[in-house]
Amino acid sequence: MKKTLLFILLAPFLYGQNGWQLLNTSFIESFNCTYITSSGTVFLGSDLGNIYYSNTGGSTWDTTATNALDGITDITFISTNEAWAVGDDGLILKSINGGLNWTTIPSGVSANLESIFFASTTTAYIAGRDGTILKSTNGGTSWSSQTSGTTDRLESVWFITPTRGFVAGRDGVFLETSNGGSTWSSATSLGSDDNKDIYFLDATTGFVAGENGVFKTTNGGNSWSPTTVVGISEISAIHFANATN
């Protein structure tokens, strides 16, 4: 598939005592995702298939070895050493040395992948475009496709147990499963606009953010209620540092 790329200089922002500060990376490419490890290492995934990291709070940046040509859309760590990333054209990457080197894992699909979530050390899920949902039951060694019932772009996946989970997507798509993805069904409607991100504090309290605003559940996703967001009509991502912030 031919792609037209718009190259821009996009420097990341880090938050310090003086608020947000612009950090000049000098990279001429756009960044799609970021991840900060428990030790404070910052990772950036780029539109050109590069993953950069900083151990100096963003003052200096180093390049990891991905050998990828497709954009990186999501990065996650499941341990100090084991990391995963997904991206365009069915790209799945794995690292076993803390994100310094990455190995390509076959996905079996060509759709752009948007989000990866490990429900346990062995059970993981990926959501992507064209209604793509992938599942692994062997720690990511192999992946199988699931039937989502939609062809819309799926933006985010989150599981509160290895079998109970949710997927958020474009055009109001919000799916749920209670059997590990053997079947997916539409959850309660959050509106007709794009749902873009899911975040759970624990097995009962969670949030969905997007063009419909921010919705909250306190019963494990059985019901959702809108929250009040002042001055913002569209939310692209949501993350909690703790239960209140």
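Everything here concerns the structure above.
Let me begin by describing the structure that accompanies this report. (Residues numbered from 1 in each chain as written. Predicted model: local features only at pLDDT ≥ 70, side-chain atom pairs only at ≥ 80, totals over all residues. Heavy atoms only, no water.)

**Considering the environment of Thr56**
The condition that has to hold: Secondary structure elements are taken from DSSP: a helix is a run of H or I of four residues or more, a strand is a run of E of two residues or more, and numbering for both begins at the N terminus. Exposed residues in this analysis have more than 50% of their type's maximum accessible area, buried residues have under 20%, and partly exposed residues fall in between, with area computed by a 1.4 Å probe over protein chains only.
One can find Thr56 in the loop between strand S5 (51–54) and strand S6 (62–63). Since its relative accessible area comes to 40%, Thr56 is described here as partly exposed. In the structure, Thr56 is positioned 16 residues away from Gly40 in sequence and 8.7 Å away in space, judged by C-alpha atoms.

**Re the pairing of strand S3 (residues 31–36)**
Filter applied, for reference: Here the rule is simple: two strands pair whenever DSSP picks up at least two bridges between them.
With five bridges joining them, S3 and strand S4 (residues 42–46) adopt antiparallel strand pairing. If you follow Ile36 over to S4, its bridge partner there is Val42.

**So, the packing of aromatic side chains**
For clarity, the threshold we go by: Planes of paired rings set the category: under 30 degrees apart is stacked, over 60 is edge-to-face and the rest tilted, where pairs are Phe, Tyr or Trp rings (Trp by its six-membered ring) whose centres lie within 6.5 Å.
Overall, the coordinates contain 19 aromatic pairs when judged by the stated rule. Seen from their ring centres, Phe166 and Phe200 are 5.6 Å apart, and the 15° between their planes marks the pair as stacked. Residue Phe166 is located in strand S16 (residues 165–169), and its partner Phe200 is located in strand S19 (residues 195–200); the two are separated by 34 residues in the primary sequence. Just as Phe166 is buried, Phe200 falls in that class too. Aromatic pair Phe166 and Trp224: ring centres 5.9 Å apart, planes at 85°, arrangement edge-to-face. In this pair, Phe166 is assigned in strand S16 and Trp224 in the loop between strand S21 (213–217) and strand S22 (225–226), connecting sequence segments 58 residues apart. Under the relative-accessibility criterion, Trp224 is labelled buried at 10%. Through a chain of ring-to-ring contacts, the aromatic side chains of Phe117, Trp158, Tyr199, Phe207 and Phe240 assemble into a single cluster.

**Quick word on the nonpolar core**
Here is the rule: For the purposes of this section, nonpolar cores are sets of buried Ala, Val, Leu, Ile, Met, Phe, Trp, Tyr and Cys residues that join through side-chain atoms within 4.5 Å. In this description, contact between two residues means that some pair of their heavy atoms is separated by no more than 4.5 Å.
Val157, Val167, Phe174, Ile198, Val208, Trp224 and Ile238 are the most contacted members of the largest nonpolar core, which totals 29 residues. Counting residues per element, the ones that place at least two in this core are strand S12 (124–128), strand S15 (154–159), S16, strand S17 (174–177), S19, strand S20 (206–210) and S21. Looking at which element gives the most residues to this core, the answer is S15, with four residues. Residue contacts for Val157: discarding those within four places in its chain leaves Ser115, Ile116, Phe117, Tyr125, Ile126, Ala127, Phe166, Val167 and Ile198. Core analysis: the second largest hydrophobic core is formed by 13 residues, Tyr53, Ala68, Phe77 and Trp102 among them.

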